[in-house]
Amino acid sequence: RIWDPTTATTITTLKGHTSPVRTMAWSPNGTHLATASNDRTIRITSTAMLALTPIPSGPSQDGADDTTSPAGVSISSEATWITSVMFSPDGSTLAYVGRTDGKPRLSLRKLSEREPVAIPGTDGAASPFFSPDGRWVAFFAQGQLQKAEVAGGAPVRIVDAAYAQGGTWNEDDTIIFAASLGSG
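Residues numbered from 1 in each chain as written. Predicted model: local features only at pLDDT ≥ 70, side-chain atom pairs only at ≥ 80, totals over all residues. Heavy atoms only, no water.

A.B. asks: Hey, could you go over the overall build of the protein for me, with residue numbers and the actual values?
C.D. replies: Assigned secondary structure in the protein consists of zero helices and 16 strands. Burial analysis of the protein (184 residues in total) assigns 40% to the buried set. For the protein, the accessible area works out to roughly 9,800 Å², and carbon and sulfur atoms hold 52% of it. (Helix = DSSP H or I, 4+ residues; strand = E, 2+ residues; numbered from the N terminus. Buried < 20%, exposed > 50% of the residue type's maximum accessible area, 1.4 Å probe, protein only. Areas by Shrake-Rupley, 256 points an atom, 1.4 Å probe, with all protein chains shown as cover.)

In structure tokens form, the structure reads like this:
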């Protein structure tokens, strides 16, 4: 459900998944919502379909509206469990972590293409986030903060981060993350 926090009422209820939604992300320009479910799909829904006003975060980096994905697109996944989704800064690529063969792995899917690309060497991946220019995706795996080029290539260790939780990559090229549960 999408709620209005001012009135504490439901604005709309998302439809399309056949199991509970586990995670979601808004596109940077607020025109699309990606939801991932236990039904092994990621749905990308246009805010226009939901009769919502886009989140006021401005246009995509190139100044254009995001028209790369049709409303209500459903992406099937080989993963049995999708734990996180994240849009690239320009809204053109979706990073997600899904369990395949019992192991969480990172995949990228350009919205203009039909098939996702699994990133080799990302066993145990969690909490992906993009560099401000969208060239890199960072994630936590194997007790480290790592990054991989969106264009392809093996992951690169940035720093040890055994118990890390979530992160953000700032415009000045610094990365901030919680080093352990409960840290700040």
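A.B. asks: Which residues make up the sheet that holds strand E13 (residues 144–149), and what values go with them?
C.D. replies: Spatially, four strands are ordered E11-E12-E13-E14 in an open sheet, and the strand pairing comes out antiparallel. On the outer flanks of this sheet lie strand E11 (126–130) and strand E14 (156–160), each paired with one strand and no other. For this sheet, the mean angle separating the axes of adjacent strands, direction not counted, is 25°. Pairing analysis gives three bridges linking E11 to strand E12 (residues 136–141), with the strands arranged antiparallel. Across the sheet, the residue bridging to Phe129 is Ala138, located in E12. (Pairing = 2+ DSSP bridges. Axes fitted to C-alpha atoms, helices over the stretch in contact; angles between N-to-C directions.)

A.B. asks: Can you explain the side chain of His32? Please cite residues and give values.
C.D. replies: When you line up the elements, His32 lands in strand E4 (residues 32–37). Among the polar contacts made by the side chain of His32, one reaches the side chain of Thr31 at a distance of 3.0 Å. (Polar contact = N/O pair within 3.5 Å; in protein donor to acceptor, adjacent residues only side chain to side chain.)

A.B. asks: Any chance you could break down the side chain of Thr122 for me, citing the residues and the numbers?
C.D. replies: Counting through the fold element by element, Thr122 comes out in the loop between strand E10 (117–118) and E11. Within the structure, the side chain of Thr122 is placed 3.0 Å from the backbone nitrogen of Leu106, a separation counted as a polar contact. Setting aside chain neighbours within four positions, we find Thr122 in contact with Pro104, Arg105, Leu106, Phe139 and Pro155. (Contact = heavy atoms within 4.5 Å.)

A.B. asks: Lay out the pairing of strand E15 (residues 165–169) with the relevant residues and their values.
C.D. replies: Both E15 and strand E16 (residues 175–178) contribute to a ladder of four bridges, which runs antiparallel. By the bridge assignment for E16, Trp169 is matched with Ile175.

A.B. asks: Let's hear about the sheet that holds E10: which residues, and what values?
C.D. replies: On the basis of which strands lie adjacent, the open sheet formed by four strands has the order E7-E8-E9-E10 and antiparallel pairing. Since the sheet does not close on itself, it has two edges, and those belong to strand E7 (81–87) and E10, each with one partner. Strand direction decides the pairing type here: strand E9 (residues 103–110) and E10, joined by two bridges, are antiparallel. Residue pairing for E10: Leu108 is matched across the bridge by Val117.

A.B. asks: I'd love a proper account of the nonpolar core, names of residues and values included.
C.D. replies: Of all hydrophobic cores here, the largest spans twelve residues; its members are Ala95, Val97, Leu106, Leu108, Ile119, Ala125, Phe130, Val137, Phe139, Ala141, Ala148 and Val150. For this core, the secondary structure elements donating two or more residues are strand E8 (93–100), E9 and E12. By residue number, the principal contributor to this core is E12, which donates three residues. In contact with Ile119, other than residues within four places in its own chain, are Leu106, Ser107, Leu108 and Ala148. (Core = buried A, V, L, I, M, F, W, Y, C linked by side-chain atoms within 4.5 Å.)

A.B. asks: Tell me about the pattern of salt bridges, and please be specific about residues and values.
C.D. replies: Overall, the coordinates contain four salt bridges when judged by the stated rule. Across the pair Lys103 and Asp123 runs a salt bridge whose closest N-O atoms are separated by 3.8 Å. Remark: Asp123 occurs in the loop between E10 and E11 and Lys103 occurs in strand E9; sequence separation between them is 20 residues. Owing to a relative accessible area of 27%, Asp123 belongs among the partly exposed residues under this scheme. Of the charged contacts, one joins Asp123 and Arg105 as a salt bridge, the two residues approaching to 2.7 Å between their closest N and O atoms. Here Arg105 lies in strand E9 and Asp123 lies in the loop between E10 and E11, a separation of 18 residues in the sequence. Several salt bridges converge on common partners, so that one network encompasses Lys103, Arg105 and Asp123. (Salt bridge = Lys/Arg side-chain N within 4 Å of Asp/Glu carboxyl O.)

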